[in-house]
Amino acid sequence: MYTQHKMVIEADNGAEVLFVCPHDSCGRRLVLKRSGGLVVLDRGDFFALHFGGQGLEVSGDIAG
Ligand SMILES: [Zn+2]
């Protein structure tokens with residue numbers, strides 16, 4: 001069973017959104033491009049299931 005981590009938006013410049021995982025000992029960070037694609041900055045806890053919110057359909061993209 002995976003632990004679920006809800007990622008939060010730390011910055012948003014209109015074209016890209018920076019998501020961070022607030023959980024201790026994780027620290028996953030990634031940039032989601034609204035034009036498509038994403039860049040993982042820090043992998044964080046590999047075994048946690050990550051998801052985000054705020055209307056962005058990113059749950060599939062940022063999972064794992
Ligand atoms: Zn996490």
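Let us look at the structure shown here. Since the model is a prediction, treat every value here as computed from it, not as a measurement.

### Points about the nonpolar core
In terms of nonpolar packing, the biggest core is built from seven residues, these being Met7, Val17, Phe19, Cys21, Cys26, Leu30 and Leu32. Of all the elements in the fold, those that place two or more residues in this core are β3 (16-20) and β4 (29-33).

### Details of the packing of aromatic side chains
This model, assessed by the stated rule, comprises one aromatic pair. Measuring from centroid to centroid gives 5.5 Å for phenylalanine 46 and phenylalanine 47, while their planes differ by 90°, and the two rings are edge-to-face. Residue phenylalanine 47 is classed as exposed on the basis of its relative accessible area of 58%.

### As for the pattern of salt bridges
Scanning all chains against the criterion turns up three salt bridges. Lysine 33 is the partner of glutamate 16 in a salt bridge, and the nearest nitrogen-oxygen pair spans 3.0 Å. Here glutamate 16 is found in strand β3, whereas its partner lysine 33 is found in strand β4, with 17 residues between them in sequence. The exposure class of glutamate 16 is partly exposed, given its relative accessible area of 30%.

### Notes on the coordination of the zinc ion
Looking at the zinc ion, the protein donor atoms are His5 (ND1), Cys21 (SG), Cys26 (SG) and His50 (NE2), and they sit 2.0 to 2.2 Å from it. Geometry at the zinc ion is tetrahedral, judged from the four donor atoms that bind it and their angles of 105 to 116° at the metal. Along the chain, the residues donating to the zinc ion are arranged with the sequence spacing H-x15-C-x4-C-x23-H. Within this pair, whereas cysteine 21 is found in the loop between β3 and β4, its partner histidine 50 is found in strand β6 (residues 48-51), the two being separated by 29 residues in sequence. Across this residue pair, the class does not change: cysteine 21 and histidine 50 are buried.

Quick notes on the rules
- Residues numbered from 1 in each chain as written.
- Predicted model: local features only at pLDDT ≥ 70, side-chain atom pairs only at ≥ 80, totals over all residues.
- Heavy atoms only, no water.
- Core = buried A, V, L, I, M, F, W, Y, C linked by side-chain atoms within 4.5 Å.
- Buried < 20%, exposed > 50% of the residue type's maximum accessible area, 1.4 Å probe, protein only.
- Helix = DSSP H or I, 4+ residues; strand = E, 2+ residues; numbered from the N terminus.
- Phe/Tyr/Trp six-rings, centres within 6.5 Å; stacked < 30°, edge-to-face > 60°.
- Salt bridge = Lys/Arg side-chain N within 4 Å of Asp/Glu carboxyl O.
- Donors = N, O, S within 2.8 Å, 3.2 Å for Na, K, Ca; no water.
- Tetrahedral: all angles 85-135°; square planar, octahedral: opposite > 155°, others 65-115°.

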